[in-house]
Amino acid sequence: TWHLKKIPQIVRERTFSLDSPKFEAKTKLELNSVCGIECQRKLPVPSLSDLKDLLSYETVFENGTRTLTEVNVLGAVLDPAGNTTTRRSLRRKRQIYGTDSRFSIYDKRFMTNFPFNTAVKVSTGCSGILISPKHVLTAAHCLHNGKDYVKGSKRLRVGLMKTKSRGNGRKRKGVKRNSMPSFQWTRVKSTHIPKGWFKGISGDIALDYDYAVLELKRPHKRKYMELGISPTIKMMPGSMIHFSGFDNDRSGQLVYRFCSISDESNDLFYQYCDAEPGSTGSGIYLRLKEPNKKKWKRKIIAVYSGHQWVDINGEQQDYNVAVRITPLKYAQICFWIHGNDENCTQG
């Protein structure tokens, strides 16, 4: 079941202008090793003043201007257990060089329907997911490398899937596997990135804050997916997660996959879902029951951050890493969507 959690409040304290960014960074679809599982375990629990700093955020507007908004955090429960991870036996590595467990979605009936139609393409080469009539959730490193905004993010656009048929336009009876998604591109009005992405507690870019929200210039008329608070592995049916994105090696195709999670920290999931660059920024979702109802509901519980080399007991292991939506991140993203925290009290 989706458990309701009381959400901390993020309150805007003050906003001031910053210099315009240079927009000169190269887009990196794969990150080099940052703080891995072992390193995560040793990180100090952020204090309230750390949290206020990490959750303050930059906004870049389409004309290239930039602001920094400082926030206050009310009602946050600081977890004294720190970034403990649950040790689980590592499953056999299932990456692309094993059996490829991804599915390309060709059928128009699936592609244009929920949940697949919530997947979008970001013009810097990543994927994203629709989270409101005007907002898209993606990975921060698709737009910013920790020091500067990437080249393509100045005139950022989001591609929403529309299907076109291949062939000469004549419909053949019974043939449904002939559609390829083409994209309807929409300009992005503004982008929010948490300050935690620019400098984590460890002084390096913090994977924990690898998420960003894009506000579209025009609302779309599609069904979007709601945010949920990420449960622990134990609370997931079969520990299974799902996501769809636009992997580089399958050009023009929407690629869906599901897999189980191997390990978790307070802010990250480590898993072996097969994925190639291009699917970075996809929304990872679960389907759980609504409390006291028989209805099932899919919600986004994490953002796919990409492939990581991680130090575990002095050995390099590779994982695919996702950033969990914690109550604090839920409060922040919800605040970005609504502009206030009144609609964000129950996650």
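The structure this text deals with has already been given above.
Residues numbered from 1 in each chain as written. Predicted model: local features only at pLDDT ≥ 70, side-chain atom pairs only at ≥ 80, totals over all residues. Heavy atoms only, no water.

Colleague: Account for empty space enclosed by the protein, naming residues and giving values.
Modeller: For the coordinates displayed, the defined rule picks out four cavities of 30 Å³ or more. Taken as a whole, the largest cavity holds about 90 Å³ of empty space. V60, S153, K154, L156 and T191 are the residues nearest the centre of the largest cavity, which is lined by 13 residues in total. Within the residue set of the lining of the largest cavity, elements represented by two or more residues are strand 2 (57-61) and strand 9 (179-194). Sort the elements by how many residues they give to the lining of the largest cavity and strand 9 lands first, with four residues. The residue inventory of the lining of the largest cavity, partitioned by class, reads seven nonpolar, three polar and three charged. If you add up the space inside the second largest cavity, you get close to 40 Å³. (1 Å grid on protein atoms, 1.4 Å probe; cavity = no way out; pocket = protein on both sides within 12 Å on 5 of 7 lines; lining within 4 Å. Points joined across faces, edges and corners; volume = space filled by probe spheres on them. Helix = DSSP H or I, 4+ residues; strand = E, 2+ residues; numbered from the N terminus. Nonpolar A, V, L, I, M, F, W, Y, C, P; charged D, E, K, R; others polar.)

Colleague: Explain helix 4 (residues 327-338) to me, using residue names and the numbers behind them.
Modeller: Compared with an ideal rise of 1.5 Å per residue, which puts 12 residues at 16 Å, helix 4 spans 16 Å between its outermost C-alpha atoms and is within 8% of the ideal. Most of helix 4 is tucked away: 10 of the 12 residues are buried. Just past helix 4, the residue G339 takes up positive phi, approximately 80 degrees. (Expected span 1.5 Å × (residues − 1). Buried < 20%, exposed > 50% of the residue type's maximum accessible area, 1.4 Å probe, protein only.)

Colleague: Can you tell me about the state of the cysteines, naming the residues and giving the values?
Modeller: The tally for this structure, following the rule as stated, stands at one disulfide. With its sulfur 2.1 Å from that of its partner, C126 forms a disulfide with C142. Measuring handedness by torsion sign, the sulfur bridge of C126 and C142 sits at about -95 degrees and is left-handed. On the criterion of sequence distance, the pair formed by C126 in the loop between strand 5 (119-122) and strand 6 (127-130) and C142 in the loop between strand 7 (135-138) and strand 8 (157-165) is long-range, its members being 16 residues apart. In this structure C126 comes out as buried when scored by relative accessible area, which is 0%. (Disulfide = S-S within 2.5 Å.)

Colleague: Give a detailed account of the pattern of salt bridges, specifying residues and quantitative values.
Modeller: Scanning all chains against the criterion turns up 10 salt bridges. The salt bridge partner of R14 is E70, with a shortest N-O separation of 2.9 Å. Note that R14 is positioned in strand 1 (residues 9-18) and E70 in strand 3 (residues 66-74), a separation of 56 residues in sequence. Residue E70 is classed as partly exposed on the basis of its relative accessible area of 25%. Bridged by salt links that share partners, the residues E62, R187 and K217 form one connected network. (Salt bridge = Lys/Arg side-chain N within 4 Å of Asp/Glu carboxyl O.)

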